[in-house]
Amino acid sequence: MTRPIRVEIFVDAIRHNYLFAKQKAPQSRAWAVVKADAYGHGVRRVAAALADVADGFALLNIEDAIALRAMGIAAPIMLLEGPFDAGEVKTMAEHRLSGAVHGVHQLPWLAAAPGPVEVWPKVNSGMNRLGFRPAELAGVLAELAAMPQVRIGAVMTHFATADDTAGVEEQWATFEPLLRGLGLPVSAANSAALWDFPATHCDWVRPGICLYGCSPFADRLGAELGLKAAMRLSADVIAVQTLAAGEAVGYGRRFIADKPMRIGIVACGYADGYPRVAGNGTPVAVDGVPSGLVGRVSMDMLAVDLSDLPAAGVGSTVELWGPNVPIETVAASAGTIGYELMCAIAPRVPRVYPD
Ligand SMILES: *Cc1c(COP(=O)(O)O)cnc(C)c1O
């Protein structure tokens, strides 16, 4: 690796965040949600770091689940979208994988399971993405109960607005009455509900984004929640330009200097996963000192203001997000959320695991 860009992943922070999330829901077990390659952090590395503490791992790709089993992970593993075809039910039985069941099309596959499988029936309590309608649940549970190889792990649902002012009230009022008298374990809370709605903790919580140190809330940073950033994207200054007032930087001349300026050109662009739409002034840290983005992000480069940083120059390291630059702030400046930035780190960016 010679191009001076890297993404550091701090697995100790992920451990801290998992254990911290557990403290928030002390009566519950917690799936470590590691879908999307552990939100871009590397599912194998993250699973290895949590192997001795995690109650279970939740993800989508059966290939990743098999990889975790091959690593020797014995904890429960759950497929959050369940089997995508009958063949996956066979694989679930072979590797002792649990899976959501969210639609009637999956029932015949489960009925033909060649060995024991655990399923987590999912209720659509208002998000209208996956799950059975509340009125369908009893019938589905009866069908599953008639399948000798199938056992039920828990009934689950997923919240659409646990992270904003709408909260979970309406969905909870739909979901909670269904559970009475079933005698089945329950799982509902994502990171946001884990923080703000303890009544929804139940038997299993499902923290995802908080494990990686990012807040699920638009109005609170991860650090304010007691989380530690687990990802630092950084790249070095590879050129310096000295601008006179009136000169512009980059494509579209989107930034024009209103005074003499020093600009650092950094080896990171949108082809690395940095959002092209990030605006002027999006925070960065140059050798640890706060500064901001100037001009339009290119494919392979971006520009930052070095005017107040006389010691900075070629070779200076620019943190684009991480412990010193909240990913939530960068995401907001690009009109998105930290989740998307983490997941969009390009394969060409080397991943480094300092812990
Ligand atoms: C992704 C996901 C989670 C985790 O959500 P976060 O907001 O990242 O905590 C929980 N449950 C389901 C079903 C999910 O798909």
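As annotated in an unreviewed UniProt entry, the protein chain carries the name Alanine racemase and is attributed to Crenobacter cavernae. Taken directly from UniProt, the Sequence similarities (unreviewed entry) text for the protein chain runs: "Belongs to the alanine racemase family."

Chemist: Break down the site of the ligand for me, citing the residues and quoting the values.
Modeler: Close to the ligand lie Lys-35, Tyr-39, Leu-80, Lys-122, His-158, Asn-190, Ser-191, Arg-206, Pro-207, Gly-208, Ile-209 and Tyr-339, which account for all nearby residues. In the model, an oxygen atom of the ligand is placed 2.5 Å from a nitrogen or oxygen of the Ser-191 side chain. Within the backbone of Gly-208, one N or O atom sits 2.9 Å away from an oxygen atom of the ligand. Protein chains bury 93% of the 390 Å² of accessible surface belonging to the ligand in isolation.

Chemist: So, the packing of aromatic side chains: which residues are in play, and what are the values?
Modeler: Taken as a whole and assessed by the stated rule, the structure comprises 9 aromatic pairs. When the ring of Tyr-39 is compared with that of Tyr-212, the centres are 4.8 Å apart and the planes differ by 25 degrees; the resulting orientation is stacked. With a gap of 173 residues between them, Tyr-39 in helix H2 (residues 35–40) and Tyr-212 in the loop between strand E10 (204–205) and strand E11 (231–243) connect regions that are remote in the sequence. Side by side, Tyr-39 and Tyr-212 carry an identical accessibility label, which is buried. Relative to Phe-175, the ring of Trp-172 has its centre 5.8 Å away and its plane inclined at 55 degrees; by these criteria the two rings are tilted. With a gap of 3 residues between them, Trp-172 and Phe-175 both fall in helix H8 (residues 169–179), about one helical turn apart.

Chemist: Mind laying out the pattern of salt bridges, listing which residues take part and the relevant values?
Modeler: Under the criterion given, the structure shown has 14 salt bridges. Asp-55 serves as the salt-bridge partner of Lys-22, at 2.5 Å between the closest nitrogen and oxygen. A residue pair is termed long-range when its members are at least 10 positions apart, and Lys-22 in helix H1 (residues 11–24) and Asp-55 in the loop between helix H3 (43–50) and strand E3 (56–59) qualify at 33 residues. Assessed through its relative accessible area of 22%, Lys-22 is described here as partly exposed. In this structure Asp-55 comes out as buried when scored by relative accessible area, which is 18%. The partner of Asp-219 in a salt bridge is Arg-220, with the nearest N and O atoms 3.5 Å apart. Since its relative accessible area comes to 62%, Asp-219 is described here as exposed. Residue classification places Arg-220 among the partly exposed positions, given a relative accessible area of 26%. Within the structure, one salt-bridge network assembled from shared partners comprises Arg-3, Asp-272, Asp-300 and Arg-348.

Chemist: Tell me what's going on with the environment of Val-330, and back it up with residues and numbers.
Modeler: Of note, Val-330 is situated in helix H10 (residues 327–333). Using a relative accessible area of 0% as the deciding quantity, one classes Val-330 as buried. For the pair formed by Val-330 and Gln-241, sequence separation is 89 residues and the distance between their alpha carbons is 24 Å. Look past the residues within four positions of Val-330 in its chain and what remains in contact with it is Tyr-274, Thr-282, Pro-283, Leu-320, Trp-321, Val-325 and Leu-341.

Chemist: Would you mind going over the pairing of strand E5 (residues 98–101) in detail, with residue names and values included?
Modeler: A two-sided burial pattern is seen for E5, the buried positions comprising Ser-98 and Ala-100 on one face and Gly-99 and Val-101 on the other. Across 2 bridges, the pairing between strand E4 (residues 77–79) and E5 is parallel. Its bridge partner being in E5, Met-78 is matched across the sheet by Ser-98. Handedness of the crossover joining E4 and E5 through helix H5 (residues 86–95) is recorded here as right-handed. As judged from the 4 bridges shared by E5 and strand E6 (residues 117–121), these two strands associate in the parallel manner. For Gly-99, the partnering residue across the bridge sits in E6 and is Val-119.

Chemist: So what about the state of the cysteines? Which residues, and what values?
Modeler: A complete count under the given rule lists 0 disulfides for this structure. In this model Cys-202 remains outside any disulfide bridge; the closest cysteine sulfur is found in Cys-210, 17 Å from its own. For Cys-343, which is in no disulfide, the shortest distance to another cysteine sulfur is to Cys-214 and amounts to 10 Å.

Chemist: Outline the nonpolar core, supporting the account with residue identities and numerical values.
Modeler: Of all hydrophobic cores here, the largest spans 116 residues; its most connected members are Leu-144, Leu-233 and Tyr-274. A per-element tally of this core places H1 first, with 6 residues. Residue-level mapping places this core at the junction of two domains, with at least three residues from each of domain 1 (11–219) and domain 2 (231–352). Membership of the second largest hydrophobic core comes to 9 residues, among which are Val-249, Ile-263, Val-294 and Ala-303.

Chemist: Break down the pairing of E3 for me, citing the residues and quoting the values.
Modeler: Across the two faces of E3 the burial is the same, with Gly-56 and Ala-58 and Phe-57 and Leu-59 all buried. Two strands pair when backbone bridges link them, and E3 and E4 are joined in this way by 3 bridges, in the parallel orientation. By the bridge assignment for E4, Ala-58 is matched with Met-78. In terms of handedness, the path from E3 via helix H4 (residues 62–70) over to E4 forms a crossover that is right-handed.

Chemist: Please provide a residue-by-residue account of H8, values included.
Modeler: Listed as buried for H8 are Gln-171, Trp-172, Phe-175 and Leu-179. Projection of H8 onto a plane perpendicular to its axis shows the buried side chains occupying an angular sector of 90 degrees, all on one side. In H8, those exposed residues whose orientation departs by more than 90 degrees from the buried face are Glu-169, Glu-170 and Ala-173. Turning to H8, the residues buried within the fold contact strand E8 (155–156) and strand E9 (186–187). Positive backbone phi, approximately 80 degrees, marks Gly-181, located one or two places after H8.

About the cut-offs
Residues numbered from 1 in each chain as written. Predicted model: local features only at pLDDT ≥ 70, side-chain atom pairs only at ≥ 80, totals over all residues. Heavy atoms only, no water. UniProt positions renumbered as here; feature names shortened; annotations may be inferred. Near = heavy atom within 4 Å. Polar contact = N/O pair within 3.5 Å; in protein donor to acceptor, adjacent residues only side chain to side chain. Areas by Shrake-Rupley, 256 points an atom, 1.4 Å probe, with all protein chains shown as cover. Phe/Tyr/Trp six-rings, centres within 6.5 Å; stacked < 30°, edge-to-face > 60°. Helix = DSSP H or I, 4+ residues; strand = E, 2+ residues; numbered from the N terminus. Buried < 20%, exposed > 50% of the residue type's maximum accessible area, 1.4 Å probe, protein only. Salt bridge = Lys/Arg side-chain N within 4 Å of Asp/Glu carboxyl O. Contact = heavy atoms within 4.5 Å. Pairing = 2+ DSSP bridges. Right-handed = clockwise from strand over helix to strand, strands pointing away. Disulfide = S-S within 2.5 Å. Core = buried A, V, L, I, M, F, W, Y, C linked by side-chain atoms within 4.5 Å. Domains from an automatic or database assignment. Arc of directions from axis to C-beta.

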